[in-house]
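If you want the building blocks of each chain, they are given just below.
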Amino acid sequence: LNASWAFVPILAGFGRKTPGRVACLIWSSSLAIAADYALLALVGSATFCSAVDPNILASLGQTCSGGWNCGIVLVAKVALVVQLTLALPLRFFVARSVVCASWPETLRTRWLVAASLVLIAATLAAAPLQLSVAIGVTSSIGASVIIYILPALIDISVGKEFIASNILRRACSILSLVLGFTLLLAGTVTNLMGAGVGG
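### Some details on the overall build of the protein
Counting secondary structure elements, the protein contains seven helices and zero strands. When the helices and strands of the protein are read in sequence order from the N terminus, they spell out α-α-α-α-α-α-α. When burial is assessed residue by residue, the protein has 17% of its 199 residues classed as buried. Total accessible area on the protein stands at roughly 13900 Å², and carbon and sulfur atoms take up 75% of it.

### Quick notes on helix 6 (residues 131–158)
Taking 1.5 Å per residue as the helical rise, helix 6 with its 28 residues ought to reach 40 Å, and the 38 Å between its terminal C-alpha atoms agrees with that figure. Remark: the principal bend of helix 6, roughly 45 degrees, maps to Val145.

### Points about the pattern of salt bridges
All told, the structure shown has one salt bridge when counted by the stated rule. In this structure, the salt-bridge partner of Arg170 is Asp155, at a minimum N-O distance of 2.7 Å. With a gap of 15 residues between them, Arg170 in helix 7 (residues 167–196) and Asp155 in helix 6 connect regions that are remote in the sequence. By relative accessible area, Arg170 is classed as buried at 3%. Note on Asp155: relative accessible area 13%, which makes it buried.

### Brief notes about a nonpolar patch on the surface
A cluster of nonpolar side chains, Ile146, Ile147, Leu150, Leu153, Ile154 and Val158, forms an exposed patch at the surface whose accessible area comes to about 550 Å². Of note, Leu153 is situated in helix 6.

### Describing the environment of Asp155
Spatially, the C-alpha atom of Asp155 lies 8.7 Å from that of Arg169, the residues being 14 residues apart in sequence. Excluding its chain neighbours within four sequence positions, the residues that come into contact with Asp155 are Arg169, Arg170 and Ser173. Engagement of the side chain of Asp155 in a polar contact is seen with the side chain of Ser173, the distance being 2.5 Å.

### Focus on the confidence of the model for the protein
When pLDDT is averaged across the protein, the result is 77; 80% of the residues are at 70 or more. The spread of mean pLDDT over the elements of the protein runs between helix 3 (residues 56–62), the lowest at 63, and helix 7, the highest at 85.

What counts as what
Residues numbered from 1 in each chain as written. Predicted model: local features only at pLDDT ≥ 70, side-chain atom pairs only at ≥ 80, totals over all residues. Heavy atoms only, no water. Helix = DSSP H or I, 4+ residues; strand = E, 2+ residues; numbered from the N terminus. Buried < 20%, exposed > 50% of the residue type's maximum accessible area, 1.4 Å probe, protein only. Areas by Shrake-Rupley, 256 points an atom, 1.4 Å probe, with all protein chains shown as cover. Expected span 1.5 Å × (residues − 1). Bend = angle between axes of the 7 residues up to and from the residue. Salt bridge = Lys/Arg side-chain N within 4 Å of Asp/Glu carboxyl O. Patch = residues over 30% accessible without salt bridge, like charges linked within 9 Å, V, L, I, M, F, W, Y side chains within 5 Å. Contact = heavy atoms within 4.5 Å. Polar contact = N/O pair within 3.5 Å; in protein donor to acceptor, adjacent residues only side chain to side chain. pLDDT = per-residue confidence, 0-100.

Pasting the structure below:
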């Protein structure tokens, strides 16, 4: 899911989009991400076991005692800032492209939509919510929409001829749509209720 956000704007500026080059981009980036996650999981488990805060930098800060590890914590925090600085424009590019797809895209509308998205994101980030709640709500909405809702809507809109051969396919798409909305609402409400009771 994280890789897909970066893939769209990178592909848009990709020269000579041959199947081989695109496949190489997908496989190489996916392998690099998998290796990175595996390294993080291994080092994190060996260092903290189960005593890891939702924000890993908080756990790193607890181990800082004025020695060389404080320098590592500082490097990690700087790396996080750099990563977010480079990654967020890619995400806003995708969101802006989706929002602006319904009308002619001009320089004015691009700046207006981009500024609105940044303002909304900054406002939500400043909300007094626990990180676990914010991640839970984001995952409930994002995962449900990407995995269940959008594919079902696309399939239903593409094939509108309900002939006998694709009735089962349409039924599966409708089932996926209902399941997606159910998971979206249930997951969002559960996470927000957990935040309301201090969970």
